Every structure is written in structure tokens, then in C-alpha cells.
Amino acid sequence: MASRSCGTELDLSWISKIQVNQPAVLRRAEQIQARRTVKKEWQAAWLLKAVTCIDLTSLSGDDTFSSIQRLCYKAKYPIREDLLKALHMYDEGITTAAVCVYPARVCDAVKALKAAGCDIPVASVATGFPAAQTHLQTRLEEIRLAVEDGATEIDVVINRTLVLTGQWEALYDEIRQFRQACGEAHLKTILAAGELGCLTNVYKASMLAMMAGSDFIKTSTGKETVNATFPVAIVMLRAIRDFFWKTGNKVGFKPAGGIRTAKDALTWLSLIKEELGDEWLKPELFRIGASSLLSDIERQIYHHVTGRYPANHDLPMS
């Protein structure tokens, strides 16, 4: 991942008069979704790019060591060997960007990846994920324990109450404490944008999270009723761009929740390219939080290579 973001001092003048033009955002969202997708070799190349930006995720109540071991194996070998050879990409070291699990499963993921002989980062959700309705000290301790167990990326979730009641200074201070608890681990701040009330709040929360030193801002936990949507993403990406123009600091972006198809992945890549440029089209600055997306990408690559769609037994790790 890229070097740590240092954040800035709290400056509420940046956001005090912000009002997001919702009709304009919705028009832009419709435009990006209506665009024709890339085809053939270009599509295969973009899909492989998407694979390298996936945080392969398992956040289930029935996660076990064996299920996490399987997840880690899939992260190391995301696309079947013969398909990569057909695309002349077998020796390119294509893996997912990270494995994302609950704090209690970090040790399992670290052990499985070490046994597999790869250095894919382990990301852990934390801070009372997904609701953030536990005591602050409990949330901070959860970060510290995940880092001790070997997580090098921490996906924290903010206290939505602070946004909905306009407690911006308190939100800044809380995220600064999260960043300090992370130590050398990178901080990815989940806004749970579907629960923030309006797009103006999404922009303000994005800016506060970046000021507080977040290395990434992330749309959702994947557990809300509304997760990663294009209007929310556009507002967050514009905030990232504004922050870069003001400070020179590049902050990453991670959509999560409901991104399930190869076509979805291509649309997200297009949006990043158009809003932030090619510099952001790399795992250091762009991640997709997903659990089932990889299966559809592999399915589409199989079709590109063979001219037919696979039977269930053709992709046994899906």
C-alpha cells in the first residue's frame, strides 16, 4: 500500500458552507451507468485489473479456520492457472489486493497466508463493526488487538451519530484516535454513507475522515440497507479530489457492499478513471470490498478464453 496519510489540522471552514447539488450528482451517476462497457481483450485486461484491487472478504458469523484458509487460497490464486496462461498473464503474480476478515479471524488469515507462502495483506474490520455502537475504549482496543494479531490494514466504522448531529470536531478526534491505535497499519474509514442522511453529510464526513489521517475512505460496511451507490461514490470521489488539490495528499477509495458482477467492476473502474485519473487505478489507492464478485469475474474470463460459460464444477473455488 502507499505511504501513510498524515492528515491535516481540523479546519471546519473547508466544509461549513458545503451544499451538494443532488440533481447534478444523480445525472452524473446515470451517465456513468449508461456507458457502454469495454469488450473482448480490453475487457479481460480490465477485469484482471479489478481482481488486483479486490479486498476478498468474509464477514460471516459461521467463519472458521478452514473457511478462512480457503479464502486465503483463493486470494493467492484468484483466476484458474490455465486461463491466465491463455491470456499470457500467468507469470504476472496476479492476486487480490488483500483478505478482509473479522478481528477474531486475523490470526487464521495470517497463518493461512504464511503457509501459502504469500505476503497478501490482512485487513480487519474493527470499532464495533458494523454499527459502531460500543464504547470508544472497546473500539480502540479492538483495533490494537487486530494489529497485534498481524492485520496491516484496519477498516474502522464511524459513529454515525456524530455526523447526524453535526459533531464534526468529535468525529475528527475519534478518527485521530483510531489512526493512533493503528500504529503502522493503514486506516480505512467506513462512512456507512447509506445511514448519513444526505449527500452533503457524506461529503463532510469524507473530508473530516481525510483530515483525521485516513488512508482510505470506504462507502459502506456491506451490512446497511443501502451500500455502495454511484451518487455516494461521486460525492466521496469529489471530496478526495478536493482534498488532493488542497493538500497534495492522495487518499484511497473503497466501495463495498452489493458489488457482485464483472459488469459492476468495470463501471467502478471507469468511474475512478474519469473522476480521479489513472493514478488511482491501482490497489494502493483503489479497493473493491467484495465476497462474490471474484466468482463472476473468473466466469467472464473463462467465457473470454473458451467461448462458453463454465459449468459449476469448472470453477470449483467459486
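Residues numbered from 1 in each chain as written. Predicted model: local features only at pLDDT ≥ 70, side-chain atom pairs only at ≥ 80, totals over all residues. Heavy atoms only, no water.

The protein carries the name Deoxyribose-phosphate aldolase in an unreviewed UniProt entry, which gives Octodon degus as its organism. Under the heading Catalytic activity (unreviewed entry), UniProt records this for the protein: "2-deoxy-D-ribose 5-phosphate = D-glyceraldehyde 3-phosphate + acetaldehyde". Quoted verbatim from the Sequence similarities (unreviewed entry) heading of the UniProt record, the comment on the protein is "Belongs to the DeoC/FbaB aldolase family. DeoC type 2 subfamily." (UniProt positions renumbered as here; feature names shortened; annotations may be inferred.)

**Student:** How should I be thinking about helix H10 (residues 230-247) in this particular structure?
**Tutor:** Count 3.6 residues to each turn of an α-helix, and residues three or four apart come out pointing the same way. Compared with an ideal rise of 1.5 Å per residue, which puts 18 residues at 26 Å, H10 spans 25 Å between its outermost C-alpha atoms and is within 8% of the ideal. For H10, the elements touching its buried residues are helix H1 (22-34), helix H9 (199-211), strand E6 (216-218), strand E7 (252-254) and helix H11 (262-275). Trailing H10 by a residue or two, Gly248 shows a phi angle of about 80°, which is positive. (Helix = DSSP H or I, 4+ residues; strand = E, 2+ residues; numbered from the N terminus. Expected span 1.5 Å × (residues − 1). Contact = heavy atoms within 4.5 Å.)

**Student:** I'm lost on the UniProt feature "active site" (unreviewed entry) in the protein in this one. Help?
**Tutor:** Listed under "active site" (unreviewed entry) in the UniProt record, and renumbered for this structure, are Lys218 and Lys254. Spanning 37 residues, the named residues form one tight spatial group whose C-alpha atoms are at most 4.5 Å apart. Along the polypeptide, Lys218 turns up in strand E6. The exposure class assigned to Lys218 is buried, which follows from its relative accessible area of 3%. Beyond its immediate stretch of four places on either side in the chain, Lys218 contacts Asp155, Thr189, Ile190, Leu191, Ala192, Met236, Lys254 and Ala256. At a separation of 2.9 Å, a polar atom in the side chain of Lys218 contacts the side chain of Asp155. The topology assignment puts Lys254 in strand E7. Classification of Lys254 by relative accessible area gives buried; the value is 0%. Excluding its chain neighbours within four sequence positions, the residues that come into contact with Lys254 are Asp55, Cys100, Asp155, Lys188, Phe216, Ile217, Lys218, Thr219, Arg287, Ile288 and Gly289. (Buried < 20%, exposed > 50% of the residue type's maximum accessible area, 1.4 Å probe, protein only. Polar contact = N/O pair within 3.5 Å; in protein donor to acceptor, adjacent residues only side chain to side chain.)

**Student:** Got a minute to help me understand the pattern of salt bridges in this structure?
**Tutor:** Where charged atoms from two side chains of opposite charge come close, those side chains can pair. Within this structure, the stated rule accounts for 24 salt bridges. Overlapping salt bridges, with partners in common, bring together Asp55, Glu153, Asp155, Lys188, Lys218, Lys254 and Arg287 in one network. (Salt bridge = Lys/Arg side-chain N within 4 Å of Asp/Glu carboxyl O.)

**Student:** Teacher, can you tell me more about helix H8 (residues 168-182) here?
**Tutor:** Compared with the 21 Å implied by 1.5 Å per residue over 15 residues, the 21 Å span of H8 between its first and last C-alpha is a close match. Those residues of H8 lying buried are Trp168, Leu171, Tyr172, Glu174, Ile175, Phe178, Arg179, Ala181 and Cys182. In this fold, the buried residues of H8 make contact with helix H6 (136-148), strand E4 (153-157), helix H7 (160-164), strand E5 (186-190) and H9.

**Student:** Looking at this structure, how should I read the sheet that holds E7?
**Tutor:** Sheet strands associate in pairs through backbone hydrogen bonding, adopting either a parallel or an antiparallel arrangement. One open sheet holds the 8 strands; their spatial order is E7-E6-E5-E4-E3-E2-E1-E8, and the pairing between them is parallel. Taken across any chain shown, the strands that pair with only one partner, and hence form the sheet edges, are E7 and strand E8 (288-290). With strand direction ignored, the average angle separating the axes of adjacent strands in the sheet is 25°. Where strand E1 (residues 54-57) lies against E8, 3 bridges are found, and the strand directions are parallel. Bridged to Asp55 within E8 is Gly289. (Pairing = 2+ DSSP bridges. Axes fitted to C-alpha atoms, helices over the stretch in contact; angles between N-to-C directions.)

**Student:** Can you help me understand the packing of aromatic side chains in this one?
**Tutor:** Any pair of aromatic rings gets described here by the distance separating the centres and the angle formed by the planes. Here the structure, examined in full by the defined rule, presents 6 aromatic pairs. Between Trp14 and Phe243, the aromatic rings sit 5.9 Å apart at their centres with planes inclined by 70°, giving edge-to-face as the arrangement. Linking Trp14 in the segment before H1 with Phe243 in helix H10, this pair joins segments that are 229 residues apart in sequence. Assessed through its relative accessible area of 21%, Trp14 is described here as partly exposed. Judged by relative accessible area, which is 0%, Phe243 ranks as buried. Ring centres of Phe253 and Trp268 lie 6.3 Å apart, and the angle between their planes is 35°; on these two criteria the pair is classed as tilted. Separated by 15 residues along the polypeptide, Phe253 in strand E7 and Trp268 in helix H11 bring together distant segments of the chain. One aromatic cluster is present, formed by Phe230, Phe253 and Trp268 through successive ring pairs. Over the aromatic face of Phe65 sits the side chain of Lys111, whose NZ or CZ is 5.5 Å from the ring centroid. In this structure, Lys246 is placed above the aromatic ring of Trp14, and the distance from its NZ or CZ to the ring centre is 5.2 Å. (Phe/Tyr/Trp six-rings, centres within 6.5 Å; stacked < 30°, edge-to-face > 60°. Lys NZ or Arg CZ within 6 Å of the ring centre and 35° of its normal.)

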